[in-house]
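As a plain string of letters, each chain reads:
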Amino acid sequence: SQKIEQNSEALNIQEGKTATLTCNYTNYSPAYLQWYRQDPGRGPVFLLLIRENEKEKRKERLKVTFDTTLKQSLFHITASQPADSATYLCALPASGGSYIPTFGRGTSLIVHP
Amino acid sequence: NAGVMQNPRHLVRRRGQEARLRCSPMKGHSHVYWYRQLPEEGLKFMVYLQKENIIDESGMPKERFSAEFPKEGPSILRIQQVVRGDSAAYFCASSLSGQANTGELFFGEGSRLTVL
């Protein structure tokens, strides 16, 4: 089954800077990759989906890239704000025959004013 | 347009008791997923159901855990004879059948089970 790696260390950045989070996977190339945001005590909220034939996807201040050669997705938040502080989860299908999302442990982002 | 509703939000049980967690999917959604999240760990898939059918239960422990999604009413995750290790946040998610192949999920706020 798929192994998903996200940096377990919190990312601390200054307000206004661009935050970049990484998601690496180890096995087969998934048909899609998703990013979710989770706040403490809350359920995850879907942010973006990128498909295997797409290299980049944007939504407002968010940008996701998908490099199937490196087996990596990068998640960028430009002009970051303290309200962006949360845990960001990457998710992709558990196996080639499944579309049920399997989640990484997430990376905590802290944006300092 | 109500989102995914889970109840109870918090549940305390003593070892050996039963826990029942309920989930009402978003209106129009016929696919329900249950995930478990332990402290400092990621979301772990447990089971995927459609109305009256369990589609994938590969993440469910073989004993004490069961799930259902009846024709009428919410989906229920049932944990019998709870142990301390069952203490976790249990999240339910739903998806619209037509979007099932993308796996985009809408999550509830979770039910936090504490076993004393």
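This section reports on the structure supplied with the text. (Residues numbered from 1 in each chain as written. Chains lettered and ligands numbered in written order. Predicted model: local features only at pLDDT ≥ 70, side-chain atom pairs only at ≥ 80, totals over all residues. Heavy atoms only, no water.)

In terms of helices and strands, chain A carries zero helices and eleven strands. The order of helices and strands in chain A, counted from the N terminus, is β-β-β-β-β-β-β-β-β-β-β. Here chain A has a C-alpha radius of gyration of 13 Å; the compact-globule value for 113 residues is 13 Å, and the two agree. The principal-axis extent of the C-alpha atoms belonging to chain A is close to 45 × 30 × 20 Å. Split into buried and exposed, the 113 residues of chain A put 43% on the buried side. Within chain A, contacts between residues separated by at least 24 positions form 54% of all contacts whose residues are at least 6 apart in sequence. (Helix = DSSP H or I, 4+ residues; strand = E, 2+ residues; numbered from the N terminus. Rg over C-alpha atoms; globule rule 2.2 N^0.38 Å. Buried < 20%, exposed > 50% of the residue type's maximum accessible area, 1.4 Å probe, protein only. Contact = heavy atoms within 4.5 Å.)

We now examine the overall build of chain B. When you go through chain B residue by residue, the secondary structure sums to zero helices and eleven strands. For chain B, the α and β elements follow one another from N to C terminus as β-β-β-β-β-β-β-β-β-β-β. Rg of the C-alpha trace for chain B: 13 Å, near the compact-globule value of 13 Å for 116 residues, within the 12% margin. Along the first, second and third principal axes, the C-alpha set of chain B runs to 40 × 25 × 25 Å. When burial is assessed residue by residue, chain B has 45% of its 116 residues classed as buried. Sequence separation of at least 24 residues holds for 52% of the intrachain contacts in chain B that already meet a minimum separation of 6. A total accessible area of about 5900 Å² is found for chain B, and carbon and sulfur atoms account for 46% of it. If the 16 positive side-chain charges of chain B are averaged to one point and the 12 negative ones to another, these points end up 7 Å apart. (Areas by Shrake-Rupley, 256 points an atom, 1.4 Å probe, with all protein chains shown as cover. Lys, Arg positive; Asp, Glu negative; His and termini not counted. Charge placed at Lys NZ, Arg CZ, Asp CG, Glu CD.)

Here we come to the pattern of salt bridges. All names here are of chain B. For the coordinates displayed, the defined rule picks out nine salt bridges over all chains. A salt bridge links arginine 78 to glutamate 18; the shortest N-O distance between them is 2.9 Å. Separated by 60 residues along the polypeptide, arginine 78 in strand S8 (residues 75-79) and glutamate 18 in the loop between strand S2 (10-13) and strand S3 (19-24) bring together distant segments of the chain. Three or more residues are tied together by salt bridges with common partners; here these are Glu18, Arg20 and Arg78. (Salt bridge = Lys/Arg side-chain N within 4 Å of Asp/Glu carboxyl O.)

Time to look at the pairing of strand S4 (residues 31-37) of chain B. Residues and elements named next belong to chain B. Counted residue by residue, S4 has seven buried out of seven residues, so it is predominantly covered. Of the two faces of S4, the one holding His31, Tyr33, Tyr35 and Gln37 and the one holding Val32, Trp34 and Arg36 are both buried throughout. In this structure, S4 lies alongside strand S5 (residues 43-50), joined through seven bridges in antiparallel fashion. The residue of S5 that forms the bridge with tyrosine 35 is phenylalanine 45. Two successive antiparallel strands, S4 and S5, enclose a turn made up of five residues, where glutamate 40 displays a positive phi of approximately 65 degrees. In terms of strand pairing, S4 meets strand S9 (residues 88-95) through seven bridges, oriented antiparallel. Residue pairing across strands places tryptophan 34 opposite cysteine 92, the latter belonging to S9. (Pairing = 2+ DSSP bridges.)

A few words on the interface of chain B and chain A. Contact residues are listed per partner, giving 22 residues for chain B and 18 residues for chain A. The largest contributions to the chain B side of the interface with chain A come from B:Leu43, B:Thr102 and B:Glu109, which together make up 27% of the buried area. A salt bridge links B:Glu109 to A:Arg42; its shortest N-O distance comes to 2.6 Å. Taken together, chain B and chain A are joined by six residue pairs in polar contact (both at pLDDT 80 or more). When contributions to the side of chain B that touches chain A are tallied by element, the ones reaching two or more residues are S4 and S5 of chain B. Broken down by class, the residue content of the side of chain B that touches chain A amounts to nine nonpolar, seven polar and six charged. (Buried area = accessible area lost by both parts, 1.4 Å probe. Polar contact = N/O pair within 3.5 Å; in protein donor to acceptor, adjacent residues only side chain to side chain. Nonpolar A, V, L, I, M, F, W, Y, C, P; charged D, E, K, R; others polar.)

Residue and element names in this part refer to chain B. Strand order in this open sheet of four strands is S1-S3-S8-S7, and the pairing throughout is antiparallel. Looking at the sheet topology across the chains shown, the edges are occupied by strand S1 (5-7) and strand S7 (65-68). The sheet shows a mean angle of 15 degrees between the axes of neighbouring strands, direction not considered. Pairing analysis gives three bridges linking S1 to S3, with the strands arranged antiparallel. Note on S3: the bridge partner recorded for glutamine 6 is cysteine 23. (Axes fitted to C-alpha atoms, helices over the stretch in contact; angles between N-to-C directions.)

Treat this as a map of the structure, not an account of what it does.
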